[in-house]
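# Descriptive structure summary
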Amino acid sequence: MPGLLRGVARTAVVAGTATAVSNRVSRRQGGRWAQQDAQQQAQQQAAAPPPPPPPAAEPPADDMTTKIEQLKQLSTLKEQGVLTETEFAEQKRRLLG
């Protein structure tokens, strides 16, 4: 019986040591991966181009010039057959009225 207990004890010590070593290796590797991820993120942020500036606001167009352009577009649509005479008249009334 003492030989059996000694074998069981030895197995328990070996298994416990293996578990402790495995856990330590896992923690160390996890720390290395976390460090590498942090470095990669820092490099990506440093290499990222700055965001483009907001588009410049166009100067306000003359109200009458805008209306004339819209009338020309409506006229073109009517000539192409996209708008009927009634639809053209309605859109023109909305635009000018």
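Every value quoted in this text rests on a predicted model; they were computed, and no experiment measured them. (Residues numbered from 1 in each chain as written. Predicted model: local features only at pLDDT ≥ 70, side-chain atom pairs only at ≥ 80, totals over all residues. Heavy atoms only, no water.)

### Some points on the packing of aromatic side chains
Note the threshold: Pairing of aromatic rings covers Phe, Tyr and the six-membered ring of Trp, with a centre-to-centre limit of 6.5 Å; geometry is then stacked below 30 degrees between planes, edge-to-face above 60, and tilted otherwise. Placement of a positive charge over a ring is assigned whenever Lys NZ or Arg CZ falls within 6 Å of the ring centre and within 35 degrees of the normal to the ring plane.
Per the stated rule, a full pass over the model turns up 0 aromatic pairs. In this structure, Lys 78 is placed above the aromatic ring of Phe 88, and the distance from its NZ or CZ to the ring centre is 4.8 Å.

### Some details on a positive patch on the surface
The condition is simple: Here the term patch refers to residues with relative accessible area over 30% and no salt bridge, with like charges joined within 9 Å and nonpolar side chains (Val, Leu, Ile, Met, Phe, Trp, Tyr) within 5 Å. Per-residue and other accessible areas follow the Shrake-Rupley method at a 1.4 Å probe size, with only the shown protein chains counted as cover for residues. A carboxyl oxygen of Asp or Glu within 4 Å of a side-chain nitrogen of Lys or Arg is what we treat as a salt bridge. In this tally, Asp and Glu contribute negative charge and Lys and Arg positive charge; neither His nor the terminal groups of the chain are included. Charged side chains are reduced to one point each, which is NZ for Lys, CZ for Arg, CG for Asp and CD for Glu. A helix here means a DSSP run of H or I that spans at least four residues, while a strand means a run of E at least two residues long, and both kinds are numbered starting from the N terminus. The cut-offs for exposure are 20% and 50% of the maximum accessible area for each residue type, with area from a 1.4 Å probe on protein chains only; residues under the lower value are buried, those over the upper are exposed, and the others partly exposed.
A cluster of basic residues, Arg 24, Arg 27, Arg 28 and Arg 32, forms a positive patch on the protein surface. Within the fold, Arg 28 resides in helix H1 (residues 2–47). Taking relative accessible area as the criterion, Arg 28 reaches 42% and is therefore assigned partly exposed.

### Some thoughts on the pattern of salt bridges
Scanning the model with the defined rule gives 4 salt bridges in all. The closest approach of N and O atoms between Glu 85 and Lys 78, which form a salt bridge, is 3.1 Å. Residue classification places Lys 78 among the partly exposed residues on the basis of a relative accessible area of 31%. Arg 93 serves as the salt-bridge partner of Glu 90, at 2.6 Å between the closest nitrogen and oxygen. Taken together, the positions of Glu 90 and Arg 93, both in helix H3 (residues 85–96) and 3 residues apart, correspond to about one turn of that helix.

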